[in-house]
Every structure is written in structure tokens, then in C-alpha cells.
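Remarks on the overall topology
One letter stands for each residue in the lines below.
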Amino acid sequence: EAGVTQFPSHSVIEKGQTVTLRCDPISGHDNLYWYRRVMGKEIKFLLHFVKESKQDESGMPNNRFLAERTGGTYSTLKVQPAELEDSGVYFCASSQDSIPLYNEQFFGPGTRLTVL
Amino acid sequence: RKEVEQDPGPFNVPEGATVAFNCTYSNSASQSFFWYRQDCRKEPKLLMSVYSSGNEDGRFTAQLNRASQYISLLIRDSKLSDSATYLCVVNLYTGFQKLVFGTGTRLLVSP
């Protein structure tokens, strides 16, 4: 079974440009999460989808970030316009909902975003 | 104050050694707890969940002290392959999972 996949693996853009990150969760996983790790800091929650609905977007830094999950399958995270402080590794994770307190989240390999 | 605090290390130990990592969390409403492992430039992977009564998985033992808001991970008989960053993670469960990560503790096991 394929794991969580993310595209691209790396992206280097200039400040002010737009970047779209894609995440394909494990098939059948209703829960999809986005996280970000800025250099030297901890991994931080951005938002959570249940199927196509945003369950919790309290971690989104500001309105330059837009996440979508049309059809409840893959998700995109768009940053527009990108700023220097957006650089970091963006992880996507997915999970089933079988054991609510102890669901294992399966992480993708991440997208390393560098804003110059 | 960070929500989840860990000693960043690195912890340098020889093969076969026993090593322990600690973690404290600030939110007493945290519902469940995990240790994730992250290899260099890779994604985090679940190592083990941490249950109230403590639990063991092979060479790994996790303990939870809710009163002190403290979690520990003990690794016995360290292997070279145990070299990684160990992330302490708490779940602010409010009907859905919301994971809060520590910065991680780096372990280096040498021959």
C-alpha cells in the first residue's frame, strides 16, 4: 500500500511568488493534516481536514495560506504571496479514525520550501 | 514557555547503552501521548503510544506521569540504527486529534 506522498519534494521561489504544495493521503484515510517545521523550531500544526471539510484551521499563520481538499482525496496548500518567513518543511499526514485518542498519523516525506 | 519541552541533546551513547529521554508538557488537558522518531531529513514516524500504565515494546519503554505532566522514553541495548531524533508529542484531543510536538531529542549511538 502506498504511503502519503507529497509534491514537490523541494521548491525554491522568490518572495512575492506563489507556490502550491500537493499531498496525496493514504487511500481511505478521511483525516488529512498539514504541518510546518521552520528551521530550528518544532513541527507545528496548520490545519485538519475531515474528508473535504476543514475541521480545524487554527494553525494557519495568515490569509496568505489557502488549503483545499476538493472531493475529499488529495489536498493542496497554496502560499500567495510567499514571504521569507514561510521557508521551512511542510509535512502532510493522514489517518483513519478507528481509535480516536490513539490514531496513528502517517506522515509524507515533506516539501522543503525555500523563499529567497 | 513551549507547550512540549524536550532536551535537544545530542545524547551520545555507545552501542549497548541504556538511554532515557524526558519530556514535559504544559497543557493539563492533553489527552494522549506519543513518541515519534524522525531520521535526518525524513518524515516523523510513530515509535509508540504512551499509556497511563506505562508500556513496553521490545527495547523501548514509555512512561507517563499525568500529575507531573511528564513523559519518558527508555531505550535499552542501544543499536546504531537507533540514531535519530525522538519527538515527544501530545494530543489535545477535543473530538479530533490535534498534535503538539516537542522540538525533539537527538540520539547518536556510536560503535
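Structure's up top.
Every chain is numbered independently, its residues counted from 1 as its sequence is written. Chain letters and ligand numbers both follow the written order, the letters beginning at A and the numbers at 1. A pLDDT threshold of at least 70 governs which residues receive local features in this predicted model, and a stricter bar of 80 or more applies before side-chain atom pairs are shown or counted, although totals over entire chains, interfaces and linings include all residues. Water and hydrogen atoms were dropped before computing side-chain values, which therefore reflect all heavy atoms in the structure.

A separate point is the sheet that holds strand β3 (residues 19–24) of chain A. All names here are of chain A. Taken in spatial order, the four strands of this open sheet run β1-β3-β8-β7, and their pairing is antiparallel. Strand pairing shows two members of the sheet lacking a second neighbour, β1 (5–7) and β7 (65–68), which therefore form its edges. Between one strand and the next, the sheet's axes are offset by a mean angle of 15°, whatever the strand orientation. The pairing criterion is simple: DSSP has to find at least two bridges between the two strands. To qualify as a helix, a DSSP run of H or I must reach at least 4 residues; to qualify as a strand, a run of E must reach at least 2; elements of each kind are numbered from the N terminus. Bridge count for β7 against strand β8 (residues 75–79) is four bridges, and the pairing is antiparallel. Counterpart to Glu68 in the pairing with β8 is Thr76. Helix axes use the C-alpha atoms of the stretch in contact, all axes being lines fitted to C-alpha atoms, and the angles between their N-to-C directions lie in the range 0 to 180 degrees.

Here we come to the pattern of salt bridges. Residue and element names in this part refer to chain B. Salt-bridge detection follows one rule: a side-chain nitrogen of Lys or Arg within 4 Å of a carboxyl oxygen of Asp or Glu. One pass over the full model with this rule turns up 12 salt bridges over all chains. One salt bridge in this structure joins Arg37 and Asp39, with 2.8 Å as the shortest N-O distance. Asp77 is the salt-bridge partner of Lys79, the closest N and O atoms lying 2.9 Å from each other. For each residue, the accessible area found with a 1.4 Å probe, counting protein chains only, is set against the maximum for its type, and the residue is called buried under 20%, exposed over 50%, and partly exposed in between. Taking the relative accessible area as the measure of exposure, Asp77 reaches 37% and is therefore partly exposed.

The next point concerns the side chain of Thr105 of chain B. All names here are of chain B. Along the chain, Thr105 turns up in strand β11 (residues 105–110). What makes Thr105 buried here is its relative accessible area of 1%. Contacts described as polar in this section are N or O atom pairs within 3.5 Å, which, within protein, must combine one atom able to donate a hydrogen with one able to accept it, while residues neighboring in sequence count only if both atoms come from side chains. Within the local environment of Thr105, its side chain forms a polar contact with the side chain of Gln6, the two groups lying 3.3 Å apart. Within the structure, the side chain of Thr105 is placed 2.5 Å from the backbone oxygen of Asp7, a separation counted as a polar contact. By definition in these notes, contact holds between two residues if any of their heavy atoms fall within 4.5 Å. In this structure, Thr105 is in contact with Gln6, Asp7, Pro8, Phe11, Phe21, Ala84, Thr85 and Tyr86, ignoring residues within four places of it in sequence.

If you look at the interface, chain A gives 24 residues, while chain B gives 25 residues. Throughout, the accessible surface (probe 1.4 Å) given up by two parts as they are put together, summed over both, is called the buried area. Contact between chain A and chain B buries roughly 2,100 Å² in total, counting both sides, with carbon and sulfur atoms accounting for 55%. In this structure, the connection of chain A to chain B is made through one salt bridge. Notably, a salt bridge pairs Asp56 of chain A with Lys98 of chain B, separated by 3.5 Å at the nearest N-O pair. Our count for the contact surface shared by chain A and chain B stands at eight residue pairs in polar contact (both at pLDDT 80 or more).

Cysteine sulfur atoms are paired as a disulfide whenever they come within 2.5 Å of each other. Applying the stated criterion across every chain yields a total of two disulfides over all chains. Put simply, Cys23 of chain A and Cys92 of chain A are joined by a disulfide, and their sulfur atoms are 1.8 Å apart. Disulfide Cys23 of chain A-Cys92 of chain A: torsion about the S-S bond near -60°, hence left-handed. Taken together, the positions of Cys23 of chain A in strand β3 and Cys92 of chain A in strand β9 (residues 88–95) put the pair 69 residues apart, joining distant regions of the chain. Taking the relative accessible area as the measure of exposure, Cys92 of chain A reaches 0% and is therefore buried. Bridging Cys23 of chain B to Cys88 of chain B, the disulfide has an S-S length of 2.0 Å. Here Cys23 of chain B and Cys88 of chain B share a disulfide; its torsion about the S-S bond, -70°, makes the bridge left-handed.

Read these as geometric descriptors, not functional statements.
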